[in-house]
Each structure stands twice: as structure tokens, then as C-alpha cells.
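Chain and residue survey
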Amino acid sequence: MKNTVLTLQKQKEEKDKIVMVTAYDYTTAKIMDEAGVNTILVGDSLGMVMLGYEDTLSVTMEDMIHHTAAVARGAKNAFVVADMPFMSYQTSVYDAVVNAGRLMKEGRANAVKLEGGVDFAPHIEAIVKASIPVVAHIGLTPQSVNAFGGFKVQGKDMEAAKRLIEDAKAVEAAGACMVVMECVPAKLAEKISAELAIPTIGIGAGPDCDGQVLVYQDLLAMYGDFRPKFVKVFANVGDVMREGVKAYIEETKAQTFPAAEHCFKIDDSVIEKLY
Ligand code: KIV
């Protein structure tokens, strides 16, 4: 069954945890979809885990559209959320609507995600008015890494915790259909999840959010450059890939691959007449 804004909302009401995972291409999206995730995020984390940048700032609209379209082709049931990249919405409400529209029209996303709280409520409201579902992202917002001075837990003191609650309420009032909370103390995330009517999706925000999201290269141990504290490795796919490729190298060099069953046949008479 296709996951929609309505089914995701119902999951919150029925206390059925929402599972979100990232994907950036057709094959991976299809595997995630077949595994049964509720929603796939085409995160701008693709800048780091797919393109090898040190942060997400260089990701373009063209990158996001290209990868979102591939994921949308592979995701039959999962609700596809596409990240709005850095400077595709911060510049104006008008740019926010135009670029959100491109992710829906050219990328075939089911919703867009943007980073920010109170300050971006007008942007969210305008996108929602254009009939585009918006997932907000508050707490540690990686596009603001330079303003934050690094990747740090957010909302730890009284002032910061109050600001985070205000951000969460502002994005809900603006019409967001879900909110991602990144690197937020677990008890604060629990309080926000209880106060909001829309689902909260946590990443480094404890077990009481309405759902969880992880970058797939993190949960499958495929990206070794950096592993945040909140990541749990569920399978060592990186090791399985390395072993598989090593075996391919060994067999190619030993000439045990390709074997007879991997070869195409031709009549000896044809070969003989060639000489
Ligand atoms: O870009 C991304 O993958 C994200 C998740 C970490 C929430 O925003």
C-alpha cells in the first residue's frame, strides 16, 4: 500500500513508529521499498555519502532532481521526500515555491524537506499553499554548519530548548506534515513529540519521536569517513562489498572467472573456417 501524508499521520495516532531511510538511486530505493520502509528521504546528505563533499553545501537543485527522479522510479510504496538544497529556498519565499515545485514536477517527489523553524514558517506556508507537502527539519540543521561552528547537539540549555519548541510549533502552524529533529536531547524530543499533532522523525533525538531516520550508508556501515554517536550499524554491507570485490579480483587473476557457465557458445565449425 502506498504511504501518504494521511497514512503517516495515522501511524502517529496509532503509535505505529514511522521508518524513514535515505536513498539516492533506483536500485537502493527499490531494495528499501521492498524491505518495507514507510518513507525514503533523498537527503542532501548525498553531497557527502554519494559525491564525496565534506558537507552538504555544494549540492545543487540539478543534483537533487536527478537523484530524486531515480528514487521515485524505484519506490512503489514508500513516500518519497526530497531535500531542498542550500540556497534553493533561503533566498526568498518565491524561490522556495519554484524550487519545491521542480522537485515535485521533475523529481516526482511526494514531499519536500527544508531546514529551519520560525524563520522559515513563511516559506513553508507558501509551499503548502501550492499543494506541496513539506517536511520541516529542526535542531542540528547541517546546511547551517558554518553558522553553528560545527555539528553540535542543539537545545541543551533553557533558552535553546525554548527556541526549539517554538520552532517545532511554528513549522506545524505553517502547515508542515512532519518534522525531522536532528541531534536533540531525548527528553526534549519526547516533549515536542507529545505536544505536536504532526509526526516527529528523530535522528539522534531518542526513542520517543514518532519515527526514526538514518542515512543508509551509516546503518549499513558503508561510509567510513565519519560515524555520528546516534548511528547504529545494523549490517556490515561495506565489509560484504569489499569481500565480494576481493573475490572477483582473485578469481579474475586466477582465471577461474569467467567459468564455462558464464560464456557464450559458437559452433567449432564456424571458428575453424575463420582460419
Ligand atoms: O540529508 C539528510 O540525509 C538528512 C537526514 C540526516 C535527516 O537531512
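Scroll up to find the structure this text is about.
Attention here is on the structure that accompanies the text.

Reading guide: rules and limits
- Throughout, residues of each chain are indexed from 1 in the direction in which the sequence is written.
- Owing to the predicted nature of the model, reporting of local features is limited to residues with pLDDT of at least 70; listing and counting of side-chain atom pairs is limited to 80 or more, with chain, interface and lining totals taken over all residues.
- Side-chain calculation: all heavy atoms of the structure are included, whereas hydrogens and water are not.
- Only buried Ala, Val, Leu, Ile, Met, Phe, Trp, Tyr and Cys residues count toward a nonpolar core, and they belong to the same one when joined by side-chain atoms within 4.5 Å.
- Type-normalised accessible area, obtained with a 1.4 Å probe on protein chains alone, sets the label of each residue: buried when under 20%, exposed when over 50%, and partly exposed for intermediate values.
- Any two residues whose heavy atoms approach within 4.5 Å are treated as being in contact.
- Put simply, two rings from Phe, Tyr or Trp (the six-membered ring, in Trp's case) pair if the centres are within 6.5 Å, and we call them stacked under 30 degrees between planes, edge-to-face over 60, tilted for the rest.
- Secondary structure elements are taken from DSSP: a helix is a run of H or I of four residues or more, a strand is a run of E of two residues or more, and numbering for both begins at the N terminus.
- Whether a residue is near a molecule or strand depends on its heavy atoms: if one lies within 4 Å, it is near.
- Polar contact is defined as a pair of N or O atoms within 3.5 Å, subject to the rule that within protein one atom must be able to donate a hydrogen and the other to accept it, and that residues adjacent in sequence are counted only when both atoms are side-chain atoms.
- Accessible areas in this description were obtained via Shrake-Rupley with a 1.4 Å probe; residue shielding takes into account the shown protein chains only.
- Residues were grouped as follows: Ala, Val, Leu, Ile, Met, Phe, Trp, Tyr, Cys and Pro as nonpolar; Asp, Glu, Lys and Arg as charged; and all remaining residues, including Gly, as polar.
- The axes used here are C-alpha line fits, helices contributing only the stretch in contact, and every angle between their N-to-C directions lies in the interval 0 to 180 degrees.
- Roughly parallel here means an angle under 35 degrees, roughly antiparallel means over 145, roughly perpendicular means 65 to 115, and every remaining angle is called oblique.
- By the definition used in this description, the sense in which the near helix is turned from the far one sets the handedness, with an anticlockwise turn below a right angle giving left-handed and a clockwise turn giving right-handed.
- Patches in this entry comprise residues that are over 30% relatively accessible and not in a salt bridge; like charges within 9 Å are linked, as are nonpolar side chains (Val, Leu, Ile, Met, Phe, Trp, Tyr) within 5 Å.
- One speaks of a salt bridge when a side-chain nitrogen belonging to Lys or Arg is within 4 Å of a carboxyl oxygen belonging to Asp or Glu.

Let's shift gears to the nonpolar core. Residues Ile40, Val112 and Ile127 are the most contacted members of the largest nonpolar core, which totals 61 residues. Leaving out residues up to four positions away in the same chain, Ile40 has contacts with Val21, Thr22, Ala23, Ala29, Met32, Asp33, Val71, Ala75, Ala78, Phe79, Val80 and Val81. In this structure, Ile18, Met20, Ala111 and Cys177 belong to the second largest nonpolar core, which totals 14 residues.

Take the packing of aromatic side chains next. The relative placement of two aromatic rings is captured by the distance of their centres and the angle of their planes. Tallying each qualifying case throughout the model produces three aromatic pairs. With centroids separated by 5.9 Å and ring planes inclined at 40°, the aromatic side chains of Tyr24 and Tyr216 adopt a geometry described as tilted. With Tyr24 in the loop between strand E1 (18-22) and helix H2 (26-35) and Tyr216 in helix H10 (residues 216-219), this pair connects stretches of sequence that are 192 residues apart. This pair shows no difference in class: Tyr24 is buried, exactly as Tyr216 is. Between Tyr89 and Phe120, the ring centres sit 5.5 Å apart and the planes meet at 70°, which makes this aromatic pair edge-to-face. Here the residue Tyr89 occupies a position in the loop between strand E3 (79-83) and helix H5 (93-105), and Phe120 occupies one in the loop between strand E4 (111-115) and helix H6 (121-129), the gap between them amounting to 31 residues. With respect to burial, Tyr89 and Phe120 carry one shared label: buried.

With respect to spatial proximity, the complete set of residues near the ligand consists of Thr22, Leu41, Gly43, Asp44, Ser45, Asp83, Lys113, His137, Val180, Ile203 and Val215. Ser45 is positioned such that a nitrogen or oxygen atom in its side chain is 2.5 Å from an oxygen atom of the ligand. Side-chain polar atom of Asp83 to an oxygen atom of the ligand: 3.1 Å apart, as the coordinates give it. Protein burial of the ligand: of its 260 Å² of free accessible surface, 95% is covered by the chains. Of the residues assigned to the shell around the ligand, the class counts are four nonpolar, four polar and three charged.

Moving on, we get to the packing of H2 against helix H4 (residues 61-74). Where H2 meets H4, the axes come as close as 7 Å, and the angle between the chain directions of the two elements is 40°. Viewed along their axes, H2 and H4 adopt a mutual orientation that is oblique. Where H2 crosses over H4, the two elements pack in a sense that is right-handed. Facing Tyr26, Ala29, Lys30 and Asp33 of H2, the residues of H4 in contact are Ala70, Val71, Arg73 and Gly74.

Our next topic: the environment of Thr22. Residue position: Thr22 is located in strand E1. Between the C-alpha atoms of Thr22 and Arg108, which are 86 residues apart in sequence, the distance is 16 Å. If near-sequence neighbours (up to four positions away) are discounted, Thr22 is found in contact with Met32, Ile40, Leu41, Ser45, Leu214, Val215, Tyr216 and Gln217. Here the side chain of Thr22 touches Tyr216 through a polar contact of 2.9 Å, landing on its backbone nitrogen.

What follows is about the side chain of Glu182. With respect to the element layout, Glu182 can be found in strand E6 (residues 178-182). If near-sequence neighbours (up to four positions away) are discounted, Glu182 is found in contact with His137, Ile138, Gly139, Leu140, Pro142, Ile203 and Phe230.

What follows deals with a nonpolar patch on the surface. The grouping of Ile266, Val270, Ile271, Leu274 and Tyr275 at the surface amounts to a nonpolar patch, some 570 Å² of accessible area in total. Relative to the assigned elements, Leu274 resides in the segment after helix H12 (268-273). Classification of Leu274 as exposed rests on a relative accessible area of 59%.

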